[in-house]
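Now for the letters of each chain:
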Amino acid sequence: MTQTSFTENKVKILPESLINKIAAGEVVERPASVVKELLENAIDAGATEVQVSIKNGGKDLISILDNGCGMNESNAQLAVERHATSKIIDEEDLFRIRTLGFRGEALASIAAVSHFEILTCNDESHGATRIFIKGGCLEQVGKIGFPKGTKVTVERLFYNTPARLKFLKTTATELQHIQQHIVQKSLAHPHICFRLTHNRQMLLNLSGGQDLKTRIQQLFGEDFKEILMTVNHEETYLQFSGFISFPSKPRTSRRWQYIFVNERNIKSPSINHGIYDGYGTFLGKGQHPIFFLNLHIDPSEIDVNVHPAKTEIRFRNNQLVHTILSDQISRALKEGASRRFFGREHSHVQMPHTEVSGQIELPMEDSLPLEEFHSGDTPGARKTVHTKEARELPPRGSLKSTASRRKTTFLQENRTVQTKPVRESLKSHNEIQGTTVSSLSGPVDTGFAEVNDVRNLRLIEPLPESPKKIHVLGQFRKKYIIAENDAGLVLIDQRALHERLLYDIYVEVLQKKEVSVQTFKASLLLELSPQESVLLEQSMELLALSGFAVSPFGGSTFAVNTIPECLNEDQVEKVIREILDRLVLFGKRGQGDEILKDVCQVVAKHGAMFSEQELTQSEMECLLAQWEELGSPMSSIKEAPILVEFSLQELEKRLRH
Ligand SMILES: Nc1ncnc2c1ncn2[C@@H]1O[C@H](COP(=O)(O)OP(=O)(O)OP(=O)(O)O)[C@@H](O)[C@H]1O
Ligand SMILES: [Mg+2]
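This one's a predicted model, so the numbers in the text were calculated from it and none came from an experiment.

## Observations concerning the site of ligand 1
Here is step 1 of the chain: Around ligand 1, the structure places 20 residues, and the nearest of them are Thr 85, Ser 86, Lys 87, Glu 105 and Lys 310.
Here is step 2 of the chain: At a separation of 2.5 Å, an oxygen atom of ligand 1 approaches a polar side-chain atom of Thr 85.
Here is step 3 of the chain: Measuring from an oxygen atom of ligand 1, one finds a side-chain N or O atom of Lys 310 at 2.7 Å.
Here is step 4 of the chain: Taken by itself ligand 1 offers 580 Å² of open surface, and the protein chains cover 94% of this.

Here it is, written out as structure tokens:
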């Protein structure tokens, strides 16, 4: 058997019709690709009404009628040629693209593999043009009566490319793909009226002049109103607006995810990652958010000419797009969840937000405002209020009485108002409200229970009287607060909440350099490993700012003279070691914010109540009231949800047999 060597054959320029067929292979994959290209042409032509008619999943007929600008005869004749477009002129225009099409090849490609007819009119007084092309060969050009606009009819798609024809799926599948394109376009352009008929049956009739919200409801039903929250981010580099699902309403499919960049429906891993990262731990395994997002970005920042189908784009600064989206989605989710829960806007106590250009690497010594401090000292940290023997401190959860203690662990200057013992304040409130506090489980409510008094539970002063938007029903397994609010039934992870509040307050006082400390008369001695000693020596200023006054005691021994008030003596060694462990991870150069955030996390983690802790009604109310007052986020310091909620509808649905 002889083998033909391709290189021995003569090199020839391919005939135009074959070139068009090859190009069509990329642009026209299936009937839905024809629909997509024709819809894009109609939208670029400024149509406000688009009518799509299909027969047998588009395999027999696709016809798209629009009321856009139309074309005159000479333009129409050019339009069906390859590389003919009115949308770009020169190379620079490639980076200024504001239209959906620009490659000038869709009509020619479609016409190469079908029986193709275009009727178009840009001025009714001059009549309309009809062009008929069969398998890429121009068969007829003539005049016809037709109103302003364009109608393209494609019959017998792939009749001359049998291989492609064989790959077509069932009518139902092809129709589904077509519908998907119409849905995408109709979401990107809710002001346009779209209709779809299949085998003369009307499948979609979306009236025009809508906004995105109404369009979503037109397509997916009223239920979506309950699930979605609005997002809007106006920033010079990247603006976006649209709707995303509440963190508590994830789906198990990616079906309802739509991204439009400058009105173009696209797939972009960096955008998707940004959104998923924004949801963070709000999403469990196999859970997916819903999103309908319109992004706007300067066309010179993107490259849409990646693939003939134009569904992929490249961003000049991928990382920035990712960071903006994840930061903003995360912020919006927290605010949204908070609004839904408390029924009002919350102002979060947060570490300064990472700039969008983000990831600024700062040397540790520059990133912290430590210049004024000297190691082994505690300036900056508000000097101790009380001096006491460290051994007098009882372990957590077993303090005898609140009265014998100082009232607040952390005092915030702007909140310093006269204090009132919590029991009294809650009592007076309940008297005013005329309510009787009942508890599903746990001890009989006498305000803060004598035996169960939890350290650090009263974080701010004055203590809010009781939560306004949420009503505590009881406690579950010493771990969860059961409550109800307007949204429904809520289960709150009490330890995660306590830790969150401690963290937020600690961050705030730390930023103000007002960390309250407790001073030991007799220093506590810490025996460290040589590596830990080096790290501790380097970190003494950071620790001092955080409320830990540590000084060298010779060799690898260090003396601890003060600790933040929210900690106990028996926790000191563990906490300092954990802080050092985390500092190792940062290395010599770390990000200031991040390091402080970590220190705060360690302190909050150890300062918070145990994971199982019996709480009285008043104690639970006190926690929730402070949560409301502080406006802390609805997520834990590890960004996991603090609560789960069940709407009445959800409960009833589950109980329906
Ligand atoms: N429905 C329409 N109404 C008015 N003009 C149209 C319509 N469809 C196509 N045209 C004109 O025909 C030209 C060629 O269309 P075609 O779809 O082949 O290329 P394109 O849209 O410019 O680029 P692309 O290949 O990326 O779609 C367009 O540039 C436009 O001027
Ligand atoms: Mg086009």
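## Things to note about the pattern of salt bridges
Here is step 1 of the chain: Going through the model one piece at a time under the given rule, you end up with 24 salt bridges.
Here is step 2 of the chain: In this structure, the salt-bridge partner of Glu 105 is Arg 103, at a minimum N-O distance of 2.6 Å.
Here is step 3 of the chain: Relative accessible area serves as the criterion here: at 24%, Arg 103 is assigned to the partly exposed category.
Here is step 4 of the chain: Among the ionic pairs, Arg 577 bridges to Glu 532, the shortest N-O distance being 2.6 Å. Remark: Glu 532 occurs in helix H14 (residues 530-538) and Arg 577 occurs in helix H16 (residues 572-586); sequence separation between them is 45 residues.
Here is step 5 of the chain: Overlapping salt bridges bring together Lys 36, Glu 37, Glu 40, Lys 185 and Lys 310 as one network.

## Some details on the sheet that holds strand S18 (residues 480-485)
Here is step 1 of the chain: Read across the sheet, four strands follow the order S17-S18-S19-S23 without closing on themselves; strand pairing throughout is antiparallel. Two strands lie at the open edges of the sheet, namely strand S17 (471-476) and strand S23 (643-646), each paired on one side alone. Sheet twist, expressed as the mean angle between neighbouring strand axes with direction ignored, is 25°.
Here is step 2 of the chain: Examined bridge by bridge, strand S19 (residues 488-493) and S23 share four bridges and lie antiparallel to one another. Residue pairing across strands places Leu 491 opposite Val 644, the latter belonging to S23.
Here is step 3 of the chain: Against the sheet, helix H13 (residues 494-511) contacts S17, S18 and S19, and its axis sits at roughly 70° relative to S19.

## A closer look at the confidence of the model for the chain
Here is step 1 of the chain: Looking at the chain, pLDDT values average 79 and 80% of them are 70 or higher.
Here is step 2 of the chain: When the criterion is pLDDT under 50, residues 344-446 qualifies, and its contacts beyond four places in sequence or with other chains add up to 234 contacts.

## Notes on the packing of aromatic side chains
Here is step 1 of the chain: Tallying each qualifying case throughout the model produces eight aromatic pairs.
Here is step 2 of the chain: A centroid spacing of 5.5 Å and a plane angle of 5° characterise the contact between Tyr 258 and Phe 292, whose relative ring orientation is stacked. Of this pair, Tyr 258 sits in strand S11 (residues 257-261) while Phe 292 is found in strand S13 (residues 291-297), placing the two residues 34 residues apart along the sequence. A single burial state applies to Tyr 258 and to Phe 292, both of which are buried.

## Looking at helix H7 (residues 212-220)
Here is step 1 of the chain: Of all the positions in H7, only Leu 212, Arg 215, Ile 216, Gln 217 and Leu 219 are classed as buried.
Here is step 2 of the chain: The first or second residue beyond H7 is Gly 221, which carries a positive phi of 95°.

## What to know about empty space enclosed by the protein
Here is step 1 of the chain: On inspection of all chains with the given rule, the structure shows four cavities of 30 Å³ or more.
Here is step 2 of the chain: Within this model, the largest cavity holds a volume of roughly 90 Å³.
Here is step 3 of the chain: Lining the largest cavity are 14 residues, with Ile 97, Asn 262, Arg 264, Ile 302 and Val 304 positioned closest to its centre.
Here is step 4 of the chain: Tallied by class, residues from the lining of the largest cavity come to nine nonpolar, two polar and three charged.

## A word on a nonpolar patch on the surface
Here is step 1 of the chain: A grouping of Leu 14, Leu 18 and Ile 22 is seen on the molecular surface, where their side chains present a nonpolar patch of about 260 Å² in accessible area.
Here is step 2 of the chain: If you trace the backbone, Ile 22 turns up in helix H1 (residues 16-27).

## Examining unusual backbone geometry
Here is step 1 of the chain: In this chain, Glu 461 is followed by Pro 462 through a cis amide linkage whose omega measures 0°.
Here is step 2 of the chain: Within the element layout of this structure, Pro 462 appears in the loop between helix H12 (422-433) and S17.
Here is step 3 of the chain: Although it is not a glycine, Arg 477 adopts a positive phi angle of roughly 50°.
Here is step 4 of the chain: When you line up the elements, Arg 477 lands in the loop between S17 and S18.
Here is step 5 of the chain: The class for Arg 477 is exposed, based on a relative accessible area of 61%.

## A closer look at the packing of H13 against helix H18 (residues 617-630)
Here is step 1 of the chain: Where H13 contacts H18, the two axes come as close as 11 Å, and the packing angle between them is 40°. On the basis of their axis angle, the class for H13 and H18 is oblique. Remark: the crossing between H13 and H18 carries left-handed chirality. Contacts between H13 and H18 involve Gln 494, Leu 497, His 498, Leu 501 and Ile 505 from the first element and Leu 623, Leu 624, Gln 626, Trp 627 and Leu 630 from the second.

## So, the environment of Arg 255
Here is step 1 of the chain: Looking at the element boundaries, Arg 255 is found in the loop between strand S10 (238-245) and S11.
Here is step 2 of the chain: Classification of Arg 255 as exposed rests on a relative accessible area of 57%.
Here is step 3 of the chain: For the pair Arg 255 and Phe 291, spaced 36 residues apart in sequence, the C-alpha separation works out to 9.6 Å.

What counts, and where the lines are drawn
- Residues numbered from 1 in each chain as written.
- Chains lettered and ligands numbered in written order.
- Predicted model: local features only at pLDDT ≥ 70, side-chain atom pairs only at ≥ 80, totals over all residues.
- Heavy atoms only, no water.
- Near = heavy atom within 4 Å.
- Polar contact = N/O pair within 3.5 Å; in protein donor to acceptor, adjacent residues only side chain to side chain.
- Areas by Shrake-Rupley, 256 points an atom, 1.4 Å probe, with all protein chains shown as cover.
- Salt bridge = Lys/Arg side-chain N within 4 Å of Asp/Glu carboxyl O.
- Buried < 20%, exposed > 50% of the residue type's maximum accessible area, 1.4 Å probe, protein only.
- Helix = DSSP H or I, 4+ residues; strand = E, 2+ residues; numbered from the N terminus.
- Pairing = 2+ DSSP bridges.
- Axes fitted to C-alpha atoms, helices over the stretch in contact; angles between N-to-C directions.
- Contact = heavy atoms within 4.5 Å.
- pLDDT = per-residue confidence, 0-100.
- Phe/Tyr/Trp six-rings, centres within 6.5 Å; stacked < 30°, edge-to-face > 60°.
- 1 Å grid on protein atoms, 1.4 Å probe; cavity = no way out; pocket = protein on both sides within 12 Å on 5 of 7 lines; lining within 4 Å.
- Points joined across faces, edges and corners; volume = space filled by probe spheres on them.
- Nonpolar A, V, L, I, M, F, W, Y, C, P; charged D, E, K, R; others polar.
- Patch = residues over 30% accessible without salt bridge, like charges linked within 9 Å, V, L, I, M, F, W, Y side chains within 5 Å.
- Parallel < 35°, antiparallel > 145°, perpendicular 65-115°, else oblique.
- Left-handed = near helix turned anticlockwise from the far one by under 90°.

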